[in-house]
Each structure stands twice: as structure tokens, then as C-alpha cells.
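Observations on the three-dimensional arrangement
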Amino acid sequence: MRRYDEPVEVRRGPVPGWPGEGPAQLLWRGRLWKVRAVVAHWVETGPWWQHAHVHAVIGSEESSAEGSAGTSGTDGTALLEELLGEREVWRVEAGRGPGRPEPQGLPTTGVLELTHDTAEGRWQLVGCTD
């Protein structure tokens, strides 16, 4: 799988063989991709165990090394959201729509791995197998 970390625009809608809505189309590098099937879907939490506040609670030495720079003014709600942040991961089979000739190195069909940051509403393409 090729790894990416690129923002994409996603349009949710019905996906063949998937109950409910999913990422039906996406715009990546100026090209439209149509999702043909959902291969897998799961939810991941962030690495809460690496957070400076967690180290402070358990008495780990890393808490003093990392410090609390940038989090000293954080209120309890914001800290809780940061610690419990989730993102959806969608592994989908998708194909490119018709259009201009394909640039070198870009696949026309493949399995794409998309993430959706539920707190920020942001979509990222993180991987592609062609």
C-alpha cells in the first residue's frame, strides 16, 4: 500500500452493498473517484496514552520531560475531547471517472484508505493499493 497524507473532499451517500451512507465520491488531486464498495470500516481513538496529562496522572517521568506547553490553559472539556478524539477509517474500492489523460504514477482504480476526523469534519486519504 502506498502511504499518503492528503486532504480530500468527500461526498457522503449510498454505497453499493453498504447499509446506510458512506463516502460515495471523493475528489483527490483534482479528479473525481466513485466508490464502488466498502471493504472495511472501523473507528480509531487517538494515542491518549502518550498525552502529557496522562503521564502526570500515572506519575511517569515523561510528563516532566514533555511539559504541559500549550495545554496549561486547556479547560476540562477541551482536554477530554483531545484525549477521547476519534476518527473513522474507511477502506473502499473506487474507480476514477472519465476525463483528461492520466498523469504518470496515479492509479485509475484501487483500494483507498480514507480517514474522517469526526471532531473537525476533515477527510484525509492515507493509503492506496492499485
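First, a word on scope: everything that follows refers to the structure included in this document. For clarity, every value in this text was computed on a predicted model and none was experimentally measured.

The rules behind these values
Residues numbered from 1 in each chain as written. Predicted model: local features only at pLDDT ≥ 70, side-chain atom pairs only at ≥ 80, totals over all residues. Heavy atoms only, no water. Pairing = 2+ DSSP bridges. Helix = DSSP H or I, 4+ residues; strand = E, 2+ residues; numbered from the N terminus. Axes fitted to C-alpha atoms, helices over the stretch in contact; angles between N-to-C directions. Phe/Tyr/Trp six-rings, centres within 6.5 Å; stacked < 30°, edge-to-face > 60°. Salt bridge = Lys/Arg side-chain N within 4 Å of Asp/Glu carboxyl O. Buried < 20%, exposed > 50% of the residue type's maximum accessible area, 1.4 Å probe, protein only.

Quick word on the pairing of strand β2 (residues 9-14)
Pairing between β2 and strand β3 (residues 21-28): 6 bridges, direction antiparallel. Within β3, the position partnered with R12 by the bridge is P23. Here β2 folds back onto β3 in antiparallel fashion, the turn holding 6 residues, of which G17 has a positive phi close to 80°.

A word on the sheet that holds β3
On the basis of which strands lie adjacent, the open sheet formed by 7 strands has the order β1-β7-β6-β5-β4-β3-β2 and antiparallel pairing. The open sheet has two free edges, formed respectively by β1 (2-7) and β2, since each of these has just one partner strand. Taking the axes of each pair of neighbouring strands and ignoring which way they run, one obtains an average angle of 30° across the sheet. As paired elements, strand β6 (residues 109-117) and strand β7 (residues 122-129) share 7 bridges and run antiparallel to each other. The residue bridging L112 from the neighbouring strand is C128, located in β7.

Description of the packing of aromatic side chains
Taken as a whole and assessed by the stated rule, the structure comprises 3 aromatic pairs. Ring plane angle 70° and centroid distance 5.5 Å describe the contact between W18 and W90, whose orientation is recorded as edge-to-face. Of this pair, W18 sits in the loop between β2 and β3 while W90 sits in strand β5 (residues 86-96), placing them 72 residues apart in sequence. Three or more aromatic residues link up through ring pairs in this structure, and these residues are Y4, W28 and W33.

A closer look at the pattern of salt bridges
One pass over the structure, following the stated rule, counts 7 salt bridges. Measuring nitrogen to oxygen at the nearest pair gives 2.7 Å for the salt bridge that ties R29 to E6. Here the residue R29 occupies a position in the loop between β3 and β4 (31-45), and E6 occupies one in strand β1, the gap between them amounting to 23 residues. Residue E6 is classed as buried on the basis of its relative accessible area of 19%. In this structure, the salt-bridge partner of R87 is E44, at a minimum N-O distance of 3.0 Å. Highlighted residues: R87 in strand β5 and E44 in strand β4, separated in sequence by 43 residues. We classify R87 as partly exposed; its relative accessible area is 34%. In this structure E44 comes out as partly exposed when scored by relative accessible area, which is 28%. Taken together, the salt bridges that share partners define one network made up of R3, R91 and E113.

Regarding the environment of T115
Relative to the assigned elements, T115 resides in strand β6. In this structure the C-alpha to C-alpha distance between T115 and P7, which are 108 residues apart in sequence, comes to 9.5 Å.

With respect to the pairing of β6
When you tally the buried positions in β6, you get 7 out of 9 residues, the bulk of the element. Joining the antiparallel neighbours β6 and β7 is a turn of 4 residues, in which G121 adopts a positive phi near 70°.

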